[in-house]
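Topology and contacts: notes
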Amino acid sequence: MHIQEGQDIELRVRFCEGSSILSRVAACLIFVALTLHVTSVASPYWLEASVRDFKMAHTGLWQECQKLLLYTESEYWSCSSYDAAHHVDFVPGFLKATQAFAILGLLCQVAACVVLVVFTLLPKLTVRRYILFAAVICSGVGALFVLIAMSIYPAKYPNLQLPYSPFPATWSVSWCFGLDFVSMVLAAATSVILLYDFRRSFMMAISDTTA
């Protein structure tokens, strides 16, 4: 085919052409994991405290909420950030550690999501192997950071008593804690799926070479 001089040549990029089904599944999983983790980190519903069968407080990584009318079924709540309720130097160390690991997990999941989307949309890039390794590491490390945050928070926070109640509180995990658990599982599954996909592609390449 001859191309006349001055003729415009359209560069067409076919997204996802040649990408495996597993890489597309992994991209969807890490996106869902990121969405769940963002929702969990931003919401004050990691733990709930009950006193005498009345829900008295619920807490998250950044806020604590207390019921205004004690020992009632009232749904009037007062929420404040930890830095506003306490001087930053008096915020418990375990809470700062939980916040730090949750943010690190968030950053890793964002990086994994971006890298994996690029890997899936443009599978014929010459650096695709390095992109795949980056996605595996980011998703796996992100899942580990989320696991550490989830391990610290419920283990330490229930040791704090409600200052406005003379009765001991019973603490239990709330729905955002469950969301973060699902996020961790999905991020870890993303890393495993990508490793399997890489191994399968590598074995197929060896078979084609020796054939």
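Since this is a predicted model, take the numbers as computed values, not measurements.

Observations concerning the overall build of the protein
Broken down by element type, the protein carries five helices and five strands. For the protein, the N- to C-terminal ordering of α and β elements is α-β-β-β-β-α-α-α-β-α. Looking at the 211 residues of the protein, the share that counts as buried comes to 36%. Counted over contacts in the protein with a minimum sequence separation of 6, partners at least 24 positions apart contribute 66%. In the form shown here, the protein has an accessible surface area of approximately 12500 Å², with 66% of it arising from carbon and sulfur atoms.

Quick word on the UniProt feature "transmembrane region" (unreviewed entry) in the protein
Under the UniProt annotation, "transmembrane region" (unreviewed entry) lies at residues 21-47, 100-123, 130-152 and 172-196. Helix makes up 100% of residues 130-152 and strand 0%, whereas the separation of the span's terminal C-alpha atoms amounts to 33 Å. Between the C-alpha atoms that bound residues 172-196 the distance is 37 Å, and the span itself is 88% helix and 8% strand.

Observations regarding the nonpolar core
One finds Ile30, Trp46, Leu61, Leu116, Tyr153 and Leu194 to be the most contacted residues of the largest nonpolar core, which totals 41 residues. At the level of elements, helix H1 (21-42), strand E1 (47-51), strand E2 (54-59), helix H3 (93-121), helix H4 (128-156) and helix H5 (175-210) are the ones that each hand at least two residues to this core.

Observations regarding H1
Side chains of residues three or four places apart in an α-helix project in the same direction, reflecting 3.6 residues per turn. When the terminal C-alpha atoms of H1 are compared, their 32 Å separation across 22 residues agrees well with the 32 Å that a helix rising 1.5 Å per residue should span. Regarding H1, the residues found buried are Ser23, Ala26, Ala27, Ile30, Ala33, Leu34, Leu36, His37, Ser40 and Val41.

Here's the deal with the confidence of the model for the protein
Summing up the model confidence of the protein, the mean pLDDT is 77 and the portion of residues at 70 or higher is 68%. The lowest-confidence element of the protein is helix H2 (residues 82-85), averaging 58 in pLDDT; the highest-confidence one is H1, averaging 91. With pLDDT under 50 throughout, residues 1-15 is counted as low confidence; its partners more than four residues away or in other chains account for five contacts.

Brief notes about the pairing of E2
Pairing analysis gives five bridges linking E1 to E2, with the strands arranged antiparallel. Along E2, the bridge assignment pairs Val51 with Phe54. Between E1 and E2, which pair antiparallel and follow one another directly, the connecting turn spans two residues, one of which, Arg52, has a positive phi of 55 degrees. Pairing of E2 with strand E3 (residues 63-67), which is carried by three bridges, proceeds in the antiparallel orientation. Its bridge partner being in E3, His58 is matched across the sheet by Cys65. Remark: three residues form the turn of the hairpin made by E2 and E3, two consecutive strands paired antiparallel.

Points about the side chain of Thr98
Within the secondary structure, Thr98 sits in helix H3. On the accessibility criterion, Thr98 (0% relative accessible area) is buried. A polar contact is formed between the side chain of Thr98 and the backbone oxygen of Phe94, at a distance of 2.8 Å. Not counting the four nearest positions on each side in its chain, Thr98 is found in contact with Trp46, Leu61, Ala149, Ile152 and Tyr153.

Considerations on the environment of Tyr153
Within the secondary structure layout, Tyr153 lies in helix H4. Sequence separation of Tyr153 and Leu95 is 58 residues, and the distance between their C-alpha atoms is 6.8 Å. Side chain to side chain, Tyr153 and Thr59 meet in a polar contact 2.8 Å long.

Concerning the packing of H1 against H3
The axes of two packed helices give the description: the angle between them and the distance between them. Running from amino to carboxyl end, H1 crosses H3 at an angle of 155 degrees, the nearest separation of the two axes being 9 Å. With respect to H3, the axis of H1 lies roughly antiparallel. Every pair of crossing elements has a handedness; the one defined by H1 and H3 is left-handed. Facing H1, whose interface residues are Ser23, Arg24, Ala26, Ala27, Ile30, Phe31, Ala33, Leu34, His37, Val38 and Val41, H3 presents Ala102, Gly105, Leu106, Gln109, Val110, Ala112, Cys113, Leu116, Phe119 and Thr120.

Thresholds applied
Residues numbered from 1 in each chain as written. Predicted model: local features only at pLDDT ≥ 70, side-chain atom pairs only at ≥ 80, totals over all residues. Heavy atoms only, no water. Helix = DSSP H or I, 4+ residues; strand = E, 2+ residues; numbered from the N terminus. Buried < 20%, exposed > 50% of the residue type's maximum accessible area, 1.4 Å probe, protein only. Contact = heavy atoms within 4.5 Å. Areas by Shrake-Rupley, 256 points an atom, 1.4 Å probe, with all protein chains shown as cover. UniProt positions renumbered as here; feature names shortened; annotations may be inferred. Core = buried A, V, L, I, M, F, W, Y, C linked by side-chain atoms within 4.5 Å. Expected span 1.5 Å × (residues − 1). pLDDT = per-residue confidence, 0-100. Pairing = 2+ DSSP bridges. Polar contact = N/O pair within 3.5 Å; in protein donor to acceptor, adjacent residues only side chain to side chain. Axes fitted to C-alpha atoms, helices over the stretch in contact; angles between N-to-C directions. Parallel < 35°, antiparallel > 145°, perpendicular 65-115°, else oblique. Left-handed = near helix turned anticlockwise from the far one by under 90°.

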